[in-house]
Amino acid sequence: MTIQKNIEKSTATLALSGWLDTKTSPELKEALNNLEPTVTELILDLKELEYISSAGLRQIVAANKKMSGNLTLSNVPAEIMEVFRMAGFEKKLHIV
Amino acid sequence: MRTSGSVRWRVVSTFLLVFLVIVLIIGSAAYFYLRHTGSRQYREYAMDAAVFVQDTLKESDINPLPAGEEYEYNRKILRNICDALEMQYLYIYQPNEAHDSISYLYVTASDDKEDEIVRKERPRGKVIPWVLDSQEENAYAGNQNTKGRLENNRYGYVISWVFPLRNESGTVIALIGADFQMTKLMSTVMANLIALTLLLGGTLLVTMLIQLFLLQRMVFTPLIRISSYMTRFASGNHLHTDLPEMDSCNEIRNISEACIKMTNDIRNYVAELERETDERAQRRTQMEIARGIQYGMVPASLFVEKERISVSAKMRTAQEIGGDFYDCFLRTDGKLCVMIGDVSGKGIIAALFMAMTKSILHEQLNLGMDPAAALERSNQELCAQNPEMMFVTVFVLVIDVHTGEAVYANAGHNPPVLIKRGEACLMTPKAGTALGLFDDVEIENESVRIQSGESILLYTDGVTEAVNEYKKFFGVDRLIGLLADASKSELLSSGSKDNENRPAEDVVNTVLTGVDIFAQNSEQFDDITIVAVCMDEGEGQEHGTEAEDAKRKILEPVQDSFDVMKEELLSVCGAGPETRKIILASEEAFTNIVEYAEATRIQYKIEKGENCTIVTLEDDGRPFDPFEVKTEKEFDELDTGGMGLMLIQQIADDVERSRRNDVNCLRMVFQEKLCENPE
């Protein structure tokens, strides 16, 4: 998995691509931990994401907690969206 | 016989031929009649002349022949007679005694020049050698009735008569010759003949022409029109042109009316036929769809494996759709429900009733009812909605997949066959009553324990009543014999199985092949449905075959080892979204084991079926069933876990947990989805 980081003022965008599974989710965890303290809003661009498992989902929940709800998931592919739906994410998170 | 040529020309040529024949006959008849009449008249003239001569000449005028004035006087009288009676020559002559010469006494001609010539050539008393012919002899003997003689001599074409000349005492003293010019008679005859022929022929011709004209107008023209119309109609290209109205006589009108009626009928038949063909095609399409729907409800073949129980089924309908059905599903309490049924009758009606029965029964069983209760309850529903008095026989079997303990109930269905090691026998369930007829049937539960290696065969009467070319039924005995034999040979060959360990499928195929061989030359009359339920030989997974073992892979219980499994899933199932879901569920299960089971090894097995993928994970960790503890977590607490099992349950169509011989086993079944449906 690769993570591309882009910061604009207080908004950070992380573009995730590839497989976000048990093995790779620590990379996302690290990226979240390494976010500058000035960042108050986080956008996860999932356009290139092919796969997500519960480990990845957990990191998303953690990110949402860290941003106090200011997390936006954008460009969610249908397949990933189905996993969100199964996990009950669609009503709890801000998905555009 | 077939004749060719148009009617018109046949009639015209016949007319002409008849005309010619008639003219010829009339002409020749007229010719002979006229000629006969003409010659008869000449004969009368000749006889008149003879009478005149007899009256005029005395014996003294002959013997001796006078000379001078008297001779000339006599000759003049004779010439007057000759002229008056239209003769050419009138002459008196005398044969000598020896009858070898004659002497001319008087010779006259009507024509002046001719008279002068004969006066010189045949002068008074001229003797010429002449042999008397028969008529002359006749006349000289005194016979008056001499016949006319036709002669073509130097005096022209003449007819002549000869008569005797007698003296007073009646003795014949000379012969009277009377010659008539035939040419003259013939020209008169011909003139009359031509006039007659022209008149008669003309009349005939005019009559025939009028008839031809009428025939042409009233028969030929309409006939030709009808015939050309029929030819065009028969060619099929002018199906919609009408026969034009014709003003004609009754018979032709009848033909044309019949023709119009016939063409209209044909037109209607053709239209009707086209409509029928369309409808038939539509019906066939609908039947195809119905067939699709039915096989959607009751697949043509099925294979289910649960723990040690495997079930295989096959259905083959006699018509497009049928009235047999079976079902096999795992109930929420972990019990396997198997049913088979046969609706009375065949075709659409049976199929509709079958669909209803199957749905109702499935629902009842799924509610957790025992077989008898489900059958009784279904019977009540069927009775309430059965105006056609259809009925259905059903056999229901509910099996505990771990122990092989089975509860069954029969509603009038054929008793199943129990196959043990090397032998087969009929089970003896209570007969029960078929469903749909009486709303107070009593059906009882019975039970049996399916031992290891035993099988139960459920079937419909399409199997036992399959008919061969000699009208013999397949029969229960043959079925039992077939299964017993198959079971024996399987025992002998066990250990070298190449059938991927699917005894249930083997049993079904054995029966189906047996029926096919038996009835190979006969049409299938009834729907054939076969369901086999088999209990595995072994006591646990440890006793699986080598082939089975080969499929199992052993992994280290660390997260990185999942990559091996992931790669295999990708290669077995392909890199599609469905596969990623299977990987997701497998990963969650794997992670669970790694994180919580404290196992020393993880074993996995991937089976790719026709319509499903089965992933089995086994670990030697501590006994636990993650699904037993269901803790509802708040969303914000999900980052600590708890989503994995939820995902597995949502993705897998069937999840099964068990623990045997200190091994935890998790079996996930993923059905292949025909289309993506996020809802």
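In this text, all values refer to a predicted model and were calculated from it rather than measured experimentally.

The rules behind each value
- Residues numbered from 1 in each chain as written.
- Chains lettered and ligands numbered in written order.
- Predicted model: local features only at pLDDT ≥ 70, side-chain atom pairs only at ≥ 80, totals over all residues.
- Heavy atoms only, no water.
- Helix = DSSP H or I, 4+ residues; strand = E, 2+ residues; numbered from the N terminus.
- Buried < 20%, exposed > 50% of the residue type's maximum accessible area, 1.4 Å probe, protein only.
- Contact = heavy atoms within 4.5 Å.
- Areas by Shrake-Rupley, 256 points an atom, 1.4 Å probe, with all protein chains shown as cover.
- Axes fitted to C-alpha atoms, helices over the stretch in contact; angles between N-to-C directions.
- Parallel < 35°, antiparallel > 145°, perpendicular 65-115°, else oblique.
- Left-handed = near helix turned anticlockwise from the far one by under 90°.
- Nonpolar A, V, L, I, M, F, W, Y, C, P; charged D, E, K, R; others polar.
- Pairing = 2+ DSSP bridges.
- Buried area = accessible area lost by both parts, 1.4 Å probe.
- Salt bridge = Lys/Arg side-chain N within 4 Å of Asp/Glu carboxyl O.
- Patch = residues over 30% accessible without salt bridge, like charges linked within 9 Å, V, L, I, M, F, W, Y side chains within 5 Å.

A. Broad picture of the overall build of chain B. Counting secondary structure elements, chain B contains 15 helices and 22 strands. Out of the 679 residues belonging to chain B, those deemed buried represent 43%. Look at the contacts in chain B between residues 6 or more apart in sequence, and 67% of them connect residues 24 or more apart. By element, 55% of the accessible surface of chain B is carried by carbon and sulfur atoms, the whole surface being about 36,100 Å².

B. Here's a closer look at the packing of helix H7 (residues 347–366) of chain B against helix H8 (residues 371–384) of chain B. Residue and element names in this part refer to chain B. Relative orientation of the contacting elements H7 and H8 amounts to 135°, with a least axis distance of 9 Å. Between H7 and H8, the angle falls in the class oblique. Considering only the axes of H7 and H8, their crossing is right-handed. Side by side, H7 and H8 meet where Phe 353, Met 356, Thr 357, Ile 360, Leu 361, Gln 364 and Leu 365 of the first sit next to Pro 371, Ala 374, Leu 375, Arg 377, Ser 378, Glu 381 and Leu 382 of the second. Each residue belonging to the contact of H7 with H8 can be placed in one class, and the counts come to nine nonpolar, three polar and two charged.

C. Quick look at the sheet that holds strand S2 (residues 101–109) of chain B. Residue and element names in this part refer to chain B. Read across the sheet, six strands follow the order S3-S2-S1-S6-S5-S4 without closing on themselves; strand pairing throughout is antiparallel. Looking at which strands have only one partner, the edges of the open sheet turn out to be strand S3 (127–129) and strand S4 (149–153). The mean inter-strand angle of the sheet, taken between neighbouring strand axes irrespective of direction, is 35°. Of the pairings in the sheet, the one linking strand S1 (residues 89–95) to S2 comprises seven bridges and is antiparallel in character. Note on S2: the bridge partner recorded for Tyr 93 is Tyr 104.

D. A look at the interface of chain B and chain A. Taken residue by residue, the interface counts 27 residues in chain B and 25 residues in chain A. Buried surface at the junction of chain B and chain A, both sides included, amounts to about 2,400 Å², of which 59% is carbon and sulfur. When the buried surface of chain B facing chain A is broken down by residue, B:Arg580, B:Phe635 and B:Asp639 rank first, second and third, together holding 27% of it. Connecting chain B to chain A are four salt bridges. Between B:Lys566 and A:Asp21 there is a salt bridge, and its shortest N-O distance comes to 3.9 Å. Residue assignment for the side of chain B that touches chain A shows that the elements contributing at least two residues are helix H13 (562–573), helix H14 (577–597) and helix H15 (643–651) of chain B. Ranked by residues supplied to the side of chain B that touches chain A, first place goes to H14(B) with nine residues. A per-class count over the side of chain B that touches chain A returns ten nonpolar, six polar and eleven charged.

E. Fine view of a nonpolar patch on the surface. Residue and element names in this part refer to chain B. Taken together, the side chains of Val 206, Ile 210, Phe 213, Leu 214 and Met 218 make up a nonpolar region of the molecular surface, amounting to roughly 460 Å² of accessible area. Within the secondary structure, Ile 210 sits in helix H5 (residues 182–234). Taking the relative accessible area as the measure of exposure, Ile 210 reaches 48% and is therefore partly exposed.

F. A look at the packing of helix H1 (residues 7–56) of chain B against helix H2 (residues 68–84) of chain B. Residue and element names in this part refer to chain B. The N-to-C vectors of H1 and H2 enclose an angle of 165°; their axes lie 10 Å apart at closest approach. Between H1 and H2, the angle falls in the class roughly antiparallel. Judged by the twist between their axes, the crossing of H1 over H2 is right-handed. Contacts between H1 and H2 involve Ala 49, Phe 52, Val 53 and Thr 56 from the former and Ile 77, Leu 78 and Ile 81 from the latter. Counted by class, the contact of H1 with H2 contains six nonpolar, one polar and no charged residues.

G. Looking closely at the pattern of salt bridges. Residues and elements named next belong to chain A. Counting across every chain of the model gives 21 salt bridges over all chains. Of the charged contacts, one joins Arg 85 and Glu 82 as a salt bridge, the two residues approaching to 3.8 Å between their closest N and O atoms. With Arg 85 and Glu 82 both in helix H3 (residues 78–87), this residue pair falls three residues apart, about one helical turn. Arg 85 sits in the partly exposed class, given a relative accessible area of 28%.

H. Seen up close, the pairing of strand S10 (residues 335–343) of chain B. Residues and elements named next belong to chain B. Within S10, eight of the nine residues are buried, which leaves the element mostly enclosed by the surrounding structure. Note: strand S9 (residues 324–330) against S10, seven bridges, orientation antiparallel. Residue Leu 330 lies in a different strand from S10, and its bridge partner there is Leu 336. Remark: four residues form the turn of the hairpin made by S9 and S10, two consecutive strands paired antiparallel; Gly 334 in that turn has positive phi of roughly 85°. Here S10 runs beside strand S11 (residues 392–400); their pairing, made up of nine bridges, is antiparallel. By the bridge assignment, Gly 341 is partnered in S11 with Val 394.

Read these as spatial facts, not as claims about activity.
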